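Structural description and commentary
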Amino acid sequence: MYAYIPLIWKDMVLTVAGPETWAKILLEAGISSEIEEPQTQAEVLNTATRREDLSFALFGATCKVMALSQDDLLGAFGRHFVSFTLRSGNGPFLRSQGRTLPAFLENVNSIHNYMERDHPNAKFPFIESTYDPVADTLLLTYLSIRVGVSPLLLGVIEEIAARLYGLLVS
């Protein structure tokens, strides 16, 4: 996993709960703070490929410290991921992926393929979407080597729908 996820994770925690909570999460995850041992936190936030166990440790610690269920935390992270991406100047790129939500979702794998060029060892999920215009419904198939992270996808879709297309999805 590339550390963009932990960087965005840290941003979410700092935005929602502040630096004290981030410090508690690091402690709960067994990761030293920057003050105590700069290299340890630097390893967590390094944007090169790194051990996924650090990400999962952060996830478990965040659930515990913030008293959130895994599904709620993943959904919140999915929404924050989109917000962070838009704040980082990637709005025009995301908007160019489709004039409608179904068109955007059809292009998600293209986004992942584009990112794979810079991150050849990354393990991106595969998403298949089928839109039924009569019923105005989308059927999504989500395939990932990471088990149990589909609430993250739902958070991403909810936020993309709201922020890019002015839609409320459920």
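Located above this text is the structure these notes cover.
Residues numbered from 1 in each chain as written. Predicted model: local features only at pLDDT ≥ 70, side-chain atom pairs only at ≥ 80, totals over all residues. Heavy atoms only, no water.

1. Here we look at the pairing of strand β2 (residues 137-143)
- Where strand β1 (residues 126-132) and β2 come together, seven bridges link them in antiparallel fashion. In the strand pairing of β2, Asp132 is matched with Thr137.
- From the end of β1 to the start of β2, which pair antiparallel, there are four residues, and Asp136 there has a positive phi angle of about 55°. (Pairing = 2+ DSSP bridges. Helix = DSSP H or I, 4+ residues; strand = E, 2+ residues; numbered from the N terminus.)

2. With respect to the side chain of His80
- Along the chain, the position of His80 falls in helix α5 (residues 70-95).
- In this structure the side chain of His80 is engaged in a polar contact, spanning 2.6 Å, whose partner is the side chain of Asp11. (Polar contact = N/O pair within 3.5 Å; in protein donor to acceptor, adjacent residues only side chain to side chain.)

3. Some remarks on helix α8 (residues 150-165)
- Along its 16 residues, α8 runs 21 Å from first to last C-alpha, staying within 8% of the 22 Å computed at 1.5 Å per residue.
- Turning to α8, its buried residues number three or more, namely Pro151, Leu153, Gly155, Val156, Ile157, Glu159, Ile160, Ala161, Leu164 and Tyr165.
- Where the residues of α8 are buried, they touch α5, α6 (101-106), β1 and β2.
- Once α8 finishes, Gly166 follows within two positions and takes phi at roughly 65°, a positive value. (Expected span 1.5 Å × (residues − 1). Buried < 20%, exposed > 50% of the residue type's maximum accessible area, 1.4 Å probe, protein only. Contact = heavy atoms within 4.5 Å.)

4. With respect to unusual backbone geometry
- With a phi close to 55°, Ala67 is a non-glycine residue in the positive phi region.
- Positionally, Ala67 belongs in the loop between α4 (52-66) and α5.
- Classification of Ala67 by relative accessible area gives exposed; the value is 68%.
- Its identity as a non-glycine residue notwithstanding, Asp136 has a phi of 55°, on the positive side.

5. Brief notes about the pattern of salt bridges
- Applying the stated criterion across every chain yields a total of four salt bridges.
- With a shortest N-O distance of 2.6 Å, Asp11 and Arg87 are connected by a salt bridge. Of this pair, Asp11 sits in helix α1 (residues 4-16) while Arg87 is found in helix α5, placing the two residues 76 residues apart along the sequence.
- For Asp11, a relative accessible area of 18% corresponds to the buried category.
- Where Arg163 meets Glu159, a salt bridge forms, and the shortest distance between an N and an O atom there is 3.3 Å. Pair noted here: Arg163 and Glu159 are both in helix α8, with a separation of four residues, about one helical turn.
- Assessed through its relative accessible area of 40%, Arg163 is described here as partly exposed. (Salt bridge = Lys/Arg side-chain N within 4 Å of Asp/Glu carboxyl O.)

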